[in-house]
Amino acid sequence: MQLVDKDQVSKSLGGRLIRNNIMKFLFLLCTLVGLVVLVTLIVDTVLDGWNYLTWDFLTSFSSSRPENAGVYGAIIGSIWLMAVTAPVSIILSVGTAMYLEEYAPENRLTDFIKINISNLAGVPSVVFGLLGLTIFVRQLALGNSVLAAGLTLSLMILPVIVVSSQEAIRSVPSTVREASVGMGATKWQTVSRIILPAAIPGIITGIILALSRAIGETAPLVVLGVPVSLLVTPNSALDTFQALPMQIYNWVKMPQEEFQYLTAAGIIILLIILFLMNSVAIYIRNKFSKRY
Amino acid sequence: MKKSTFLAALLMSLMFILAACSGSGGSAEEDSASGSSDESADAGSEGESSEGSGDLSGEIVGDGSSTVFPIMEIINEEFNAEHSMAAEIGVSGTGGGFERFTEGETHFNNASREISEEEVSLLEENGIDYTEFLVGTDGLTVAVSQDNDFVDSLTFDELYTIYSGEADSWSDVREDFPDEPITAYGPDQSHGTHDFFVETVMNDEDIDAQLIQDTNQVVSSVTQDTSSIGFFGYSFYLENQDSLKAVPVQGPDNEEAIEPTDETVQDYSYPLSRPLFVYANNESLNNNEAFRTFMEFTLENAAAATEESGYVALPEEDYQEQIDQLP
């Protein structure tokens, strides 16, 4: 008996190879579409804004006179904003994910909560702005402060981190979990020493995506009434602030041509901050990651 | 430092959860009550504490129109240079700004239109007195490409024909125009400029044209297409005079078509001139030293700032008159 029918194989081999190559080409094309757009965008922005990236630009406050305009206040403001948003959102959402995956009883209510967290990820950011305006700015009387805006953005990105953290925690093999319990570890010891470190790479991927969205967000800040012209930087989380994306958005709308180049320069700065922020996250991920 | 900020943040988020749990019952009443007490608390505490750098006591908060914003930002810079303190000015748009102004959250509101009756009644409800100041004039400019050689003037009726979508080609607008397809552009509903055009030219009917969010895109669309037409603020025309041709406009009260120039906009003979306002909270004018100084400073410097931003200043004496009328 012949295990492999050589005639049959050689007959269909050509077609299979072609099909394989076609699919490979299609997938490559998919990757390239995104990549080409991204590269065009970055090159175009850098070419427009490069000459305007001066020391003065980095150290001056915003201005309606293009020759004086800078991003100092906006950079400091955006950093402050992230300093509030990052810890609040990370702790709340990793905690939520941990509860839902490890502690919550498996019943309808838990399922309902899980589904709604995913739905929350699709709510437009303006809606979160309105929520923040009602609760943080007015009811808790925080005003248009760093804290109010940071909490609003935290709520906005919460679902993204929760969902990705859940996914990461779920992907920790149950054998590891059982081994830990089998060794006499308590639930808390298992969660804190085994599951969390194993889930960190996935969690941080979620955090990167979420914080990248938060730092570029304009709409909720406009709703909260965050100022565009402000010639001081915040001294505490209760002071008001400027934000880089709002500064950029304001410049796009100005009639003077120079502002179009300043906009590009502002975008470069925003990208650099984003890049630095994500580098730190990736560093942490590589340092703590423990794969099973 | 960072740790305490973070702890505070954590605390606030806990408070939020508590508030969310307990709040669902009698919310509306609580809302307005806490709202008004916040303001008084704000005005009191921040006046004394935070703004220690300047030579004046009090803080200055404004919001409103993005059209008026460049004027106020220039004034704010000058004010900062002189008094080493500055206002915080947002750009929520005229309507968005009035929402905060009527709640007493801001001291002044920039507006590219007059305050509406609804907003006035809200202010009355909340017991807020206000004063209306004029800082400058904008001339909404209707423009075609520099290469367009046949459009020499348009009446309000002709503009209506174009922007209501009735005209497919220029010959539909006026018989001696060539039979070329017409494309009309304008800023979208988020702009006061759009609302002003709808009110004055369209008799409050919707515009049927290409509406674009970014006014700079309106300008470049008109520049690139010789058979197109667009409208935008005067400053956008001034910045692009090389490539644009402003169309003289004849309103219902005009005997002939009038070109937008500094003079015709200033004396309102140009039918699409519109005033730029700043609304101020009277109580703050009287009790907040910094804000009063700021408003005086604004009126003193508005002429130069208005022109620098590409708008038209009022006649000099009008500013002085408004300073004298400060409540």
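Let me sum up the structure you'll find in this document.

Considering the overall build of chain A
Thought 1: Tallying secondary structure elements over chain A gives 11 helices and 0 strands in all.
Thought 2: Listing each helix as α and each strand as β along chain A from the N terminus yields α-α-α-α-α-α-α-α-α-α-α.
Thought 3: Here chain A has a C-alpha radius of gyration of 25 Å; the compact-globule value for 292 residues is 19 Å, and the former is much larger.
Thought 4: Along the first, second and third principal axes, the C-alpha atoms of chain A reach 85 × 55 × 35 Å.
Thought 5: Taking all 292 residues of chain A together, 45% fall into the buried category.
Thought 6: Within chain A, contacts between residues at least 6 apart in sequence are counted, and of these 75% link residues at least 24 apart.
Thought 7: Mean positive and mean negative side-chain charge positions of chain A (19 and 16 charges, respectively) differ by 11 Å.

Examining the sheet that holds strand E9 (residues 228-232) of chain B
Residue and element names in this part refer to chain B.
Thought 1: One open sheet accounts for 5 strands, arranged E8-E7-E9-E5-E10; its pairing is mixed. If you trace the sheet from one side to the other, it starts and ends with strand E8 (210-212) and strand E10 (244-246), each paired once. Averaged over all pairs of adjacent strands, the angle between their axes in this sheet comes to 30°, without regard to strand direction.
Thought 2: One ladder, built from 4 bridges, connects strand E5 (residues 141-145) with E9; its direction is antiparallel. When the bridges of E9 are listed, valine 144 appears paired with isoleucine 229.
Thought 3: Where helix H6 (residues 156-163) meets the sheet, its contacts fall on E5, strand E7 (183-187) and E9, and the angle it forms with E9 comes to roughly 110°.
Thought 4: Each of E5, E7, E8, E9 and E10 touches helix H9 (residues 215-224); the most contacted strand, E9, lies at about 150° to it.

Some thoughts on the nonpolar core
Where a protein is soluble and globular, its nonpolar side chains tend to be buried together.
Thought 1: Core analysis: the largest hydrophobic core is formed by 103 residues, its most contacted members being Leu221(A), Ile60(B), Phe108(B) and Phe294(B).
Thought 2: Among the elements that take part in this core, helix H6 (residues 146-170) of chain A stands out by supplying 14 residues, more than any other.
Thought 3: In terms of nonpolar packing, the next biggest core, distinct from the first, is built from 44 residues, Leu140(B), Val142(B), Val151(B) and Val201(B) among them.

Parameters and conventions
- Residues numbered from 1 in each chain as written.
- Chains lettered and ligands numbered in written order.
- Predicted model: local features only at pLDDT ≥ 70, side-chain atom pairs only at ≥ 80, totals over all residues.
- Heavy atoms only, no water.
- Helix = DSSP H or I, 4+ residues; strand = E, 2+ residues; numbered from the N terminus.
- Rg over C-alpha atoms; globule rule 2.2 N^0.38 Å.
- Buried < 20%, exposed > 50% of the residue type's maximum accessible area, 1.4 Å probe, protein only.
- Contact = heavy atoms within 4.5 Å.
- Lys, Arg positive; Asp, Glu negative; His and termini not counted.
- Charge placed at Lys NZ, Arg CZ, Asp CG, Glu CD.
- Pairing = 2+ DSSP bridges.
- Axes fitted to C-alpha atoms, helices over the stretch in contact; angles between N-to-C directions.
- Core = buried A, V, L, I, M, F, W, Y, C linked by side-chain atoms within 4.5 Å.

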